[in-house]
Amino acid sequence: MEPEVEKRFARIESLLHAMAERENEIELRFNRRMDRADQRMDRAEQRMDRAEERMQKFDQRLEATRKLVEAGMKMLVRTQTGLDRLEKSVEALVNSMKRGGNGARHS
(Lines give C-alpha, C1' and ligand atoms only; values in the text may rest on other atoms or scores of the structure.)
Protein backbone atom coordinates (compact mmCIF):
# COMPACT_ATOMS: atom_id res chain seq x y z
CA MET A 1 0.00 0.00 0.00
CA GLU A 2 1.14 3.53 -0.68
CA PRO A 3 2.38 5.50 2.32
CA GLU A 4 -0.21 8.24 1.87
CA VAL A 5 -3.09 5.74 1.76
CA GLU A 6 -1.59 3.94 4.72
CA LYS A 7 -1.46 7.23 6.71
CA ARG A 8 -5.03 7.93 5.76
CA PHE A 9 -6.16 4.46 6.91
CA ALA A 10 -4.20 4.93 10.13
CA ARG A 11 -5.97 8.28 10.71
CA ILE A 12 -9.36 6.72 9.97
CA GLU A 13 -8.54 3.81 12.26
CA SER A 14 -7.46 6.24 14.97
CA LEU A 15 -10.70 8.22 14.58
CA LEU A 16 -12.79 5.07 14.71
CA HIS A 17 -10.93 3.93 17.82
CA ALA A 18 -11.46 7.33 19.49
CA MET A 19 -15.15 7.23 18.57
CA ALA A 20 -15.49 3.73 20.02
CA GLU A 21 -13.81 4.84 23.27
CA ARG A 22 -16.07 7.89 23.44
CA GLU A 23 -19.11 5.70 22.85
CA ASN A 24 -17.99 3.38 25.66
CA GLU A 25 -17.59 6.35 28.02
CA ILE A 26 -21.02 7.66 27.08
CA GLU A 27 -22.53 4.22 27.63
CA LEU A 28 -20.86 3.93 31.05
CA ARG A 29 -22.16 7.37 32.07
CA PHE A 30 -25.63 6.48 30.82
CA ASN A 31 -25.59 3.20 32.77
CA ARG A 32 -24.50 5.02 35.95
CA ARG A 33 -27.31 7.54 35.49
CA MET A 34 -29.80 4.76 34.91
CA ASP A 35 -28.57 2.93 38.02
CA ARG A 36 -29.01 6.11 40.09
CA ALA A 37 -32.47 6.63 38.58
CA ASP A 38 -33.38 3.02 39.45
CA GLN A 39 -32.16 3.57 43.01
CA ARG A 40 -34.25 6.76 43.28
CA MET A 41 -37.28 4.89 41.97
CA ASP A 42 -36.72 2.08 44.47
CA ARG A 43 -36.51 4.59 47.32
CA ALA A 44 -39.65 6.34 46.06
CA GLU A 45 -41.50 3.02 45.93
CA GLN A 46 -40.37 2.22 49.48
CA ARG A 47 -41.61 5.63 50.64
CA MET A 48 -44.93 5.01 48.91
CA ASP A 49 -45.23 1.59 50.53
CA ARG A 50 -44.56 3.10 53.96
CA ALA A 51 -47.07 5.87 53.27
CA GLU A 52 -49.70 3.31 52.26
CA GLU A 53 -49.03 1.34 55.46
CA ARG A 54 -49.43 4.54 57.52
CA MET A 55 -52.65 5.39 55.70
CA GLN A 56 -53.97 1.88 56.28
CA LYS A 57 -53.17 2.11 60.01
CA PHE A 58 -54.79 5.53 60.15
CA ASP A 59 -57.90 4.19 58.42
CA GLN A 60 -58.06 1.28 60.86
CA ARG A 61 -57.72 3.62 63.83
CA LEU A 62 -60.33 5.96 62.39
CA GLU A 63 -62.73 3.04 61.91
CA ALA A 64 -62.09 1.86 65.48
CA THR A 65 -62.73 5.39 66.74
CA ARG A 66 -65.95 5.57 64.72
CA LYS A 67 -67.12 2.30 66.25
CA LEU A 68 -66.25 3.53 69.74
CA VAL A 69 -68.16 6.77 69.21
CA GLU A 70 -71.12 4.86 67.81
CA ALA A 71 -71.13 2.47 70.77
CA GLY A 72 -70.80 5.42 73.16
CA MET A 73 -73.75 7.15 71.56
CA LYS A 74 -75.85 3.99 71.94
CA MET A 75 -74.82 3.79 75.59
CA LEU A 76 -75.80 7.43 76.11
CA VAL A 77 -79.21 6.79 74.56
CA ARG A 78 -79.73 3.75 76.81
CA THR A 79 -78.52 5.71 79.84
CA GLN A 80 -80.81 8.62 78.99
CA THR A 81 -83.74 6.22 78.55
CA GLY A 82 -82.93 4.63 81.91
CA LEU A 83 -82.66 8.05 83.51
CA ASP A 84 -86.02 9.06 82.02
CA ARG A 85 -87.62 5.89 83.47
CA LEU A 86 -85.95 6.50 86.82
CA GLU A 87 -87.13 10.10 86.83
CA LYS A 88 -90.71 8.99 86.14
CA SER A 89 -90.49 6.39 88.91
CA VAL A 90 -89.16 8.97 91.36
CA GLU A 91 -91.91 11.39 90.35
CA ALA A 92 -94.52 8.65 90.86
CA LEU A 93 -93.02 7.84 94.26
CA VAL A 94 -93.01 11.50 95.30
CA ASN A 95 -96.58 11.94 94.09
CA SER A 96 -97.73 8.84 95.93
CA MET A 97 -96.02 10.07 99.09
CA LYS A 98 -97.75 13.43 98.73
CA ARG A 99 -101.12 11.74 98.53
CA GLY A 100 -100.35 9.65 101.56
CA GLY A 101 -101.74 6.27 102.47
CA ASN A 102 -100.47 2.83 101.76
CA GLY A 103 -102.08 2.54 98.38
CA ALA A 104 -104.87 0.24 99.60
CA ARG A 105 -107.64 2.75 99.06
CA HIS A 106 -108.46 4.26 95.77
CA SER A 107 -109.86 7.76 95.72
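Structure: see above.
From a predicted model like this one, the values you see are computed outputs, not experimental measurements.

## Points about the overall build of the chain
Logical step 1: Check the secondary structure of the chain and you find one helix and zero strands.
Logical step 2: Computed over its C-alpha atoms, the radius of gyration of the chain comes to 45 Å, more than 25% above the 13 Å expected for a compact globule of 107 residues.
Logical step 3: Once the C-alpha set of the chain is aligned to its principal axes, its extents read approximately 150 × 15 × 15 Å.
Logical step 4: Per-residue burial for the chain yields a buried fraction of 0% across its 107 residues.
Logical step 5: Carbon and sulfur atoms form 57% of the exposed surface of the chain, whose accessible area is close to 10700 Å².
Logical step 6: In the chain, the 24 positive side-chain charges and the 21 negative ones have mean positions that sit 16 Å from each other.

## What to know about a negative patch on the surface
Logical step 1: Where like charges cluster on the molecular surface, the negative patch consists of Asp35, Asp38, Asp42, Glu45, Asp49, Glu52 and Glu53.
Logical step 2: Checked against the element boundaries, Asp35 lands in helix 1 (residues 3–99).
Logical step 3: Given the relative accessible area of 46%, Asp35 is considered partly exposed.

Thresholds, definitions, all that
- Residues numbered from 1 in each chain as written.
- Predicted model: local features only at pLDDT ≥ 70, side-chain atom pairs only at ≥ 80, totals over all residues.
- Heavy atoms only, no water.
- Helix = DSSP H or I, 4+ residues; strand = E, 2+ residues; numbered from the N terminus.
- Rg over C-alpha atoms; globule rule 2.2 N^0.38 Å.
- Buried < 20%, exposed > 50% of the residue type's maximum accessible area, 1.4 Å probe, protein only.
- Areas by Shrake-Rupley, 256 points an atom, 1.4 Å probe, with all protein chains shown as cover.
- Lys, Arg positive; Asp, Glu negative; His and termini not counted.
- Charge placed at Lys NZ, Arg CZ, Asp CG, Glu CD.
- Patch = residues over 30% accessible without salt bridge, like charges linked within 9 Å, V, L, I, M, F, W, Y side chains within 5 Å.
- Salt bridge = Lys/Arg side-chain N within 4 Å of Asp/Glu carboxyl O.

Note that every value here comes from positions in space, so none of it alone points to a role or purpose.
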